Amino acid sequence: MQEINEKYEPLIVAFCCNWCSYAGADLAGSSRLSYPANVKIIRVPCSCRVNPMFILKAFQRGADGVILCGCHPGDCHYTTGNYYARRRMTMLFDMLDYLGIERERTRVEWVSAAEGNRFAAVMNDFAAKINELGENKRLEDLRCKN
Amino acid sequence: MQELENLMIKKAVELLDGGVVDRVIGWKKGEFYYDNTPATFYKKEELNDFVYNGFCGANLSKYLVAESKKGGKVLVFLKPCDTYSFNQLLTEKRIDRDKVYTVGIECRGHLNIESIRARGIEGVVGLEEKGDEVTVKTLYGDAKLKRGEVMLEKCLSCKTKKFAHNACDETIVLHEMPEEDPNKRFSMVIELEKMTPDERFAFWKSQLSKCIRCNACRNVCPACTCFKCVFDNPDSGIAAKANDDRFEEKLFHIIRSFHVAGRCTDCGECSRVCPQNIPLHLLNRKYIKDINELYGEYQAGAEAGSRAPLVDFREEDINPGENLKEGK
Ligand code: SF4
Ligand code: SF4
Ligand code: SF4
């Protein structure tokens, strides 16, 4: 099932919470730190807003890697949102691994508004990993491909 | 079993006559001897069709969601595993406790007609049960079997035969029920965890791609009582089977099992009703096992009103994926 796609450009979806990680991405930008252009950021009010279905949907629609970024535990704008997100994502990632899907394709990172550097580093690292893994085959949906 | 059935009918008549309840949910004889189906009985004459034998695997608790919306009070018979579903439904406020009278009943494990047929036994017309000895009567003579050889998967891996806390108004138990080991049901999950990702992917692809998306597993599930289910939403992209040659069925299965994670009591109904014999319990039990290991032992439905692990947290919880380091 490993078909080589010559034109492979990884597509990465990054869900970022409004209060910490999105601001962190902003800081990375205004500090002129570079991170791959194929990271598409989706701003969400809180990491807890991310329903596991969003992650599956991103893969279904062609993402090769999905990363969720939120405030560090204890720093959530809504006090506890990221704690719930943490359990949910732990369970989802366990299940994806159980089904035999490459576990490096999904990741959760805590990035604060002051961590522009960290944001860029995380994205660079994740993009490199996804590049290595190649195209997402196991979670794709042919209906969404052209 | 006959004795148990008689006592159940007697109890139903007594409660109907006494005006305590005005209807009874139980099992009714079906078209064939082995397809007893859940049914509501309104008059005591109708109880002639009431049946309780080794072919009553169905869990009646979910019917109470609809019954709770009606007036009057309903009597329901619950096997030990069904009492966990009942408590879970109370936790989720889907059942009005005051409108239900619950009677817990003895269970020694229910039979799987497919396992019986697989032994070349056809034309089943009767059953005689003495503890673990089961005599299947057929058009062509009797066949003696051990109950454990032909039980439903859910009964083979029964987690406990103790009724859930406070679930029963009363119980009818004639013989002491065996002690069960709640961890034996995880053996196959552990086997799968030991495989490589490629082997697991191949296993699940072979299993899940059999799915015909009949939604029976969702319809029967006592944890699936949403007024509007995602799988009924045509815009969700996962509402029906798609003509996709690369195994899109997994999306449905990840979502279904995730939706019941932490709330699934492991009643085993989903696997029982699946016409394709997909081992759905292996998905549900993966979540149960991981929750037990990561967040502490938890049995959904053991205690009505308990807080499910996925709507709870501890500051020291691990980060996602941390438990999936290399080598696992
Ligand atoms: S009952 Fe079986 S075939 Fe039907 S939707 Fe569920 S898994 Fe698929
Ligand atoms: S998912 Fe299956 S085992 Fe769990 S509660 Fe629902 S029907 Fe029962
Ligand atoms: S599958 Fe999900 S949305 Fe549908 S009834 Fe079950 S829990 Fe509700």
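Provided above is the structure to which this section pertains.
Everything numeric in this text was worked out from a predicted model, so none of it was measured.

Q: Hey, could you run me through the packing of aromatic side chains in this one?
A: Any two aromatic rings considered together are summarised by their centre-to-centre distance and by the angle between their planes. All names here are of chain B. Enumeration according to the criterion identifies 16 aromatic pairs over all chains in this entry. Ring plane angle 70° and centroid distance 5.5 Å describe the contact between Phe50 and Phe77, whose orientation is recorded as edge-to-face. In this pair, Phe50 is assigned in the loop between β2 (37-41) and α2 (63-67) and Phe77 in strand β3 (residues 74-78), connecting sequence segments 27 residues apart. Classification of Phe77 as buried rests on a relative accessible area of 0%. Ring centres 5.9 Å apart and planes at 85° place the aromatic pair Phe258 and Tyr287 in the edge-to-face group. Of the two residues, Phe258 sits in helix α9 (residues 249-259) while Tyr287 sits in helix α11 (residues 281-295), which places them 29 residues apart along the sequence. For the pair Phe258 and Tyr287, a shared accessibility class is recorded, and that class is buried. An aromatic cluster is defined as three or more aromatic residues linked by ring pairs; in this entry it consists of Phe32, Tyr33, Tyr34 and Phe55.

Q: It is not clear to me how helix α1 (residues 2-17) of chain B should be interpreted in this structure. Could you clarify?
A: Working note: α-helix, 3.6 residues per turn, so residues spaced by three or four point in the same direction. Residues and elements named next belong to chain B. The terminal C-alpha atoms of α1 lie 22 Å apart, and with 16 residues this matches the ideal 22 Å at 1.5 Å per residue to within 8%. Listing the buried residues of α1 in full gives Leu4, Glu5, Met8, Ile9, Lys11, Ala12, Leu15 and Leu16. Angular distribution of buried residues about the axis of α1 spans 160°; they occupy a single face of the element. Turned more than 90 degrees off the buried face of α1, the exposed positions are Gln2 and Lys10. For α1, the secondary structure elements touched by its buried residues are β1 (23-28), β3, β4 (100-105) and β8 (170-172). Positive backbone phi, approximately 75°, marks Gly19, located one or two places after α1.

Conventions used here
Residues numbered from 1 in each chain as written. Chains lettered and ligands numbered in written order. Predicted model: local features only at pLDDT ≥ 70, side-chain atom pairs only at ≥ 80, totals over all residues. Heavy atoms only, no water. Phe/Tyr/Trp six-rings, centres within 6.5 Å; stacked < 30°, edge-to-face > 60°. Helix = DSSP H or I, 4+ residues; strand = E, 2+ residues; numbered from the N terminus. Buried < 20%, exposed > 50% of the residue type's maximum accessible area, 1.4 Å probe, protein only. Expected span 1.5 Å × (residues − 1). Arc of directions from axis to C-beta. Contact = heavy atoms within 4.5 Å.

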